[in-house]
Amino acid sequence: MKVKVKAKTKWLWRAIAAMAATLALSNFLVQFPIGDWLTWGAFSYPAVFLVTDLSNRFGGAAFARRVVYAGFAAGVLISIATSSVRIAAASGSAFLCAQLLDVLIFHRLRRGTWWRAPVISSAAASITDTFLFFALAFYNTGGPWATWAAGDLLAKAVMLAVLIAPYRAAIRRYA
């Protein structure tokens, strides 16, 4: 029993660090558009869904929520230093809503086929995150926020397809 608690604590700190680093990196990269359809943040941010889903799979919903809350706090503080306060606030709001939705949906679907919970929960959370973030961060700023949101959502769908393989590998290795 002691080994399991130690392993869970070790995973908790690694998951929090991964969550905070990904959130801060994404908030920095979202400031750099790729034309009118995408920002560089679209390629790093989907890793938070992988962290949340693996935390939920191995530790349960309460454990995953702890990772989300701690990652949120650390990520927003780092983001304030690396991006604008508006982006950090928009990111924090969208992140918290989307990740808690991800935890809820994943937990309800976790007993089904291995791919169903992460795909459905991450897709729903991606939609929530994208529209909240881009509306809060870029509305009325003069940038093409609606097209950036559309491009971001498409990139998240592609990244979800890419990240399902590491998810499967992790559950095979650690389950």
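A quick note: this is a predicted structure, and the numbers were derived from the prediction, not measured.

Trainee: Explanation requested: the overall build of the protein chain in the structure shown.
Mentor: When helices and strands are tallied, the protein chain shows seven helices and two strands. For the protein chain, the α and β elements follow one another from N to C terminus as α-β-β-α-α-α-α-α-α. Radius of gyration (C-alpha) of the protein chain: 16 Å, near the 16 Å computed for a compact globule of 175 residues. Seen through its principal axes, the protein chain has C-alpha atoms that stretch 55 × 30 × 20 Å.

Trainee: What am I meant to see in the packing of aromatic side chains here?
Mentor: Working definition: an aromatic ring pair is given by the centre-to-centre distance plus the angle between the planes. Under the counting rule described, the total for this entry stands at 12 aromatic pairs. With 5.0 Å between their ring centres and 80° between their planes, Phe-133 and Phe-134 make a pair best called edge-to-face. Judged on exposure class, the residue Phe-133 and its partner Phe-134 are both buried. When the ring of Tyr-139 is compared with that of Trp-145, the centres are 5.9 Å apart and the planes differ by 80°; the resulting orientation is edge-to-face. You can call Tyr-139 partly exposed: its relative accessible area is 46%. Overall, the relative accessible area of 24% leaves Trp-145 in the partly exposed class. Feature note: the residues Phe-133, Phe-134, Phe-138 and Trp-148 constitute an aromatic cluster, connected by ring pairs.

Trainee: Please clarify how helix α7 (residues 145-174) should be interpreted in this entry.
Mentor: Count 3.6 residues to each turn of an α-helix, and residues three or four apart come out pointing the same way. Given a rise of 1.5 Å per residue, 30 residues ought to cover 44 Å, and the 40 Å separating the end C-alpha atoms of α7 matches this to within 8%. In the structure, α7 departs most strongly from a straight axis at Val-162, where the bend amounts to approximately 30° and where the proline Pro-166 lies between one and four residues downstream. Turning to α7, its buried residues are Trp-148, Ala-149, Gly-151, Asp-152, Ala-155, Lys-156, Met-159, Leu-163, Ile-164, Tyr-167, Ala-170 and Ile-171.

Trainee: How should the pattern of salt bridges be read in this particular structure?
Mentor: In the structure shown here, the tally under the stated rule is two salt bridges. A salt bridge links Lys-156 to Asp-152; the shortest N-O distance between them is 3.0 Å. One end of the pair, Lys-156, and the other, Asp-152, are both in helix α7, four residues apart, so they sit about a helical turn from each other. Among the ionic contacts, a cluster of salt bridges with common partners joins Asp-129, Asp-152 and Lys-156.

Trainee: It is not clear to me how the side chain of Asp-129 should be interpreted in this structure. Could you clarify?
Mentor: Checked against the element boundaries, Asp-129 lands in helix α6 (residues 116-138). Among the residues examined, Asp-129 registers a relative accessible area of 5% and is labelled buried.

Trainee: What exactly am I supposed to notice about the environment of Ala-150 here?
Mentor: Along the chain, the position of Ala-150 falls in helix α7. You can call Ala-150 partly exposed: its relative accessible area is 36%. The spacing of Ala-150 and Leu-109 is 41 residues in sequence and 27 Å in space, taken between C-alpha atoms.

Trainee: Hey, could you run me through unusual backbone geometry in this one?
Mentor: Trans peptide bonds make up most of the peptide bonds, and negative phi angles are found at most residues other than glycine. Unusually for a residue other than glycine, Asn-140 sits at a positive phi of about 65°. Tracing the chain through its elements places Asn-140 in the loop between α6 and α7. What makes Asn-140 exposed here is its relative accessible area of 69%.

Trainee: Explain the nonpolar core here, please?
Mentor: Side chains of a nonpolar character, in soluble globular proteins, are inclined to be buried together. Core analysis: the largest hydrophobic core is formed by 18 residues, its most contacted members being Met-19, Tyr-45, Val-48, Val-67 and Phe-95. Looking at this core, the elements with two or more residues in it are α1 (2-29), α3 (47-59), α4 (61-82) and α5 (85-109). The contacts of Val-48, once residues within four sequence positions are left out, are Met-19, Thr-22, Phe-95 and Gln-99. Among the nonpolar cores identified, the runner-up in size contains 11 residues, and Leu-50, Leu-54, Tyr-167 and Ala-170 belong to it.

What counts and how
- Each chain has its residues counted from 1, running along the sequence as written.
- Only residues with pLDDT of at least 70 are given local features in this predicted model, and only at 80 or more are side-chain atom pairs given and counted; all residues enter the totals for whole chains, interfaces and linings.
- Calculated side-chain values reflect all of the structure's heavy atoms, with hydrogen atoms and water omitted.
- Numbering goes from the N terminus for both helices and strands, where a helix is a DSSP run of H or I of at least four residues and a strand is a run of E of at least two.
- Note that the radius of gyration is over C-alpha atoms, with the globule rule given as 2.2 Å times the number of residues to the power 0.38.
- Ring pairs are drawn from Phe, Tyr and Trp, using the six-membered ring of Trp, whenever the two centres fall within 6.5 Å, and their geometry is named by plane angle: stacked under 30 degrees, edge-to-face over 60, tilted for the rest.
- Accessibility here uses a 1.4 Å probe with only protein chains present; expressed as a share of the type maximum, an area under 20% marks a residue as buried, one over 50% as exposed, and anything in between as partly exposed.
- For a helix, the expected span equals 1.5 Å multiplied by the number of residues minus one.
- Bend is computed residue by residue as the angle between axes fitted to the seven residues ending at the residue and the seven residues starting at it.
- The rule for a salt bridge is simple: a side-chain nitrogen of Lys or Arg has to be within 4 Å of a carboxyl oxygen of Asp or Glu.
- Definition used in this section: a nonpolar core is a set of buried Ala, Val, Leu, Ile, Met, Phe, Trp, Tyr and Cys residues joined via side-chain atoms within 4.5 Å.
- Working rule for contacts: check all heavy atoms of both residues, and any pair within 4.5 Å makes them a contact.

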